[in-house]
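Spelled out, the chains give:
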Amino acid sequence: PASSSPPAKKVTVLSLMHKKRKGKKITMVTAYDYPSALQVDRAGIDVVLVGDSCAMVELGYDTTQPMTMDQMIHHCTAVKRGAPNRPLLVGDMPFGTYEFEDLDVALRNSYRMVKDGGMDAVKMEGGSEARAKTVRKVVEGGVAVMGHVGLTPQAISVIGGFRAQGRTASRARQLLDEALRLQDAGAFCIVLECVPSNVASAITETLEVPTIGIGAGGGTSGQVLVYHDMLGMMSHPHHAQFVPKFCKKYARIGHEISKGLEEYRRDVEEGAFPGEEYSPYVMTEEERRAFDALLAKDAKERQVKHDEAAEKLKQADEYEQLSLYGDSNNKGTS
């Protein structure tokens, strides 16, 4: 029978602000595709962030900077299909799509994230006066904006690497001013990344809008982690994989993935898979006999062709094994 429970309410910008006022924590997970979005939605997470960290986590780049708008739209639409109704969907504006003096560039690209990508809001990094102007322009244009201060990965060329921020009094005060500037520009929420917990708490207490922490302690209005990191997707029992210090692993999926793949390889190599259990498509006995009769008619001709092909492949294999310039694996030997 169908469930009689009413559909879950859509998470909105206003409901996040209501959560902060009521002292209820906000949950956010960064996900990049249909299956992960589906799982995050089923878990009841408030916000799904389609992050440009996809460049590093799924596409193998060293930084987030190579991510393009078209790539972001591709991943946003996949996430939208996985979580179409309940969570608030936020898309990262990739590097080079919103930083221009011509604020219409940022507005046009924000519209793409909403109209083409299916996002409810966009996220922008940085809290400078120039960035605040961009946020105000986009918000006035009708698109909700999430801010982001602290470690801003798109600015890695400027900040000199993935480093914690706000660890001096003056820099901490600067982060507070940036967050206030973004709030005044109309941002509905601010991500605080890799900052001391006391600094994040002070910013959270000062702001009216909620804060989402990542490596910023427990005093923020909510938390965000990357799907792959928190589930140990990249973990392996014999190979250490970089995971941020602030990320708690709630599962060791990577271990199970490695175990499954290695077991599959062994089963195939040893002839244990697929076996009869996983070979479900069979002929009737009558059709089997008819097929055997058809094979018997030209068995000699097929054997001749088989032998000719085998000889050609053997010759080709021997040719490949001959190195015109010596054995590259044994340089320096005679």
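Treat the numbers as computed from the prediction; the structure is a model and nothing was measured. (Residues numbered from 1 in each chain as written. Predicted model: local features only at pLDDT ≥ 70, side-chain atom pairs only at ≥ 80, totals over all residues. Heavy atoms only, no water.)

### A few points about the sheet that holds strand 6 (residues 189-193)
- Spatially, 8 strands are ordered 1-2-3-4-5-6-7-8 in a closed barrel, and the strand pairing comes out parallel. Within the sheet, the average angular offset between the axes of one strand and its neighbour, ignoring direction, is 25°.
- Bridging between strand 4 (residues 121-123) and strand 5 (residues 144-150) involves 3 bridges; their strand directions are parallel. Along strand 5, the bridge assignment pairs alanine 121 with alanine 144. (Pairing = 2+ DSSP bridges. Helix = DSSP H or I, 4+ residues; strand = E, 2+ residues; numbered from the N terminus. Axes fitted to C-alpha atoms, helices over the stretch in contact; angles between N-to-C directions.)

### A few points about the confidence of the model for the chain
- Across the chain, the average pLDDT comes to 87, with 87% of residues at 70 or higher.
- Segment residues 330-334: pLDDT under 50, and 0 contacts once partners within four positions in sequence are set aside and those in other chains are kept. (pLDDT = per-residue confidence, 0-100. Contact = heavy atoms within 4.5 Å.)

### What about the packing of aromatic side chains?
- By the definition in use, this model includes 2 aromatic pairs.
- For the pair tyrosine 264 and phenylalanine 273, a centre-to-centre distance of 6.1 Å together with 70° between the ring planes defines the contact as edge-to-face.
- Given the relative accessible area of 37%, phenylalanine 273 is considered partly exposed.
- Members of the aromatic cluster, joined through ring pairs, are Tyr264, Phe273 and Tyr278. (Phe/Tyr/Trp six-rings, centres within 6.5 Å; stacked < 30°, edge-to-face > 60°. Buried < 20%, exposed > 50% of the residue type's maximum accessible area, 1.4 Å probe, protein only.)

### A closer look at unusual backbone geometry
- For the peptide bond that leads from phenylalanine 273 to proline 274, omega is 15°, which places it in the cis range.
- By the secondary structure assignment, proline 274 is in the loop between helix 11 (253-269) and helix 12 (285-297).
- For cysteine 194, which is not glycine, the phi dihedral falls at a positive 55°.
- Following the sequence through the fold, cysteine 194 ends up in the loop between strand 6 and helix 9 (197-206).
- Given a relative accessible area of 14%, cysteine 194 falls into the buried group.

### Points about the pairing of strand 5
- Within strand 5, 6 of the 7 residues are buried, which leaves it mostly tucked inside the rest of the structure.
- Here 5 bridges tie strand 5 to strand 6, and the two strands are oriented parallel to one another. Bridge pairing in strand 6 places glycine 150 opposite glutamate 193.

### Points about the packing of helix 5 (residues 103-115) against helix 6 (residues 129-140)
- Contact pair helix 5 / helix 6: the axes reach a minimum separation of 9 Å and the direction vectors enclose 50°. The orientation of helix 5 relative to helix 6 falls into the category oblique. As for how helix 5 packs across helix 6, the hand of that crossing is right-handed. Where helix 5 abuts helix 6, its residues Leu103, Asp104, Ala106, Leu107 and Ser110 lie against Lys133, Thr134, Lys137 and Val138.
- Across the contact of helix 5 with helix 6, the residue classes break down as 4 nonpolar, 2 polar and 3 charged. (Parallel < 35°, antiparallel > 145°, perpendicular 65-115°, else oblique. Left-handed = near helix turned anticlockwise from the far one by under 90°. Nonpolar A, V, L, I, M, F, W, Y, C, P; charged D, E, K, R; others polar.)

### What about the nonpolar core?
- Counting 55 residues, the largest nonpolar core has Met113, Met124, Ile190, Leu192 and Ile203 as the members making the most contacts within it.
- Per-element tally for this core: the top contributor is helix 8 (residues 169-185), with 6 residues.
- Not counting chain neighbours up to four residues away, the residues in contact with methionine 124 comprise Met93, Tyr98, Ser110, Arg131, Thr134, Val135, Val138, Val145, Met146, Gly147 and His148.
- One finds Val11, Leu49, Cys189 and Ile212 within the second-largest nonpolar core, a separate group that totals 16 residues. (Core = buried A, V, L, I, M, F, W, Y, C linked by side-chain atoms within 4.5 Å.)

### Quick notes on the packing of helix 8 against helix 9
- Where helix 8 meets helix 9, the axes come as close as 10 Å, and the angle between the chain directions of the two elements is 30°. Taken together, the axes of helix 8 and helix 9 lie roughly parallel to each other. Handedness of the helix 8/helix 9 crossing: right-handed. The segment helix 8 lies against helix 9, with Ala172, Leu175, Leu176, Ala179 and Leu180 engaging Val199, Ile203 and Thr206.
- When grouped by side-chain class, the residues that make up the contact of helix 8 with helix 9 number 7 nonpolar, 1 polar and no charged.

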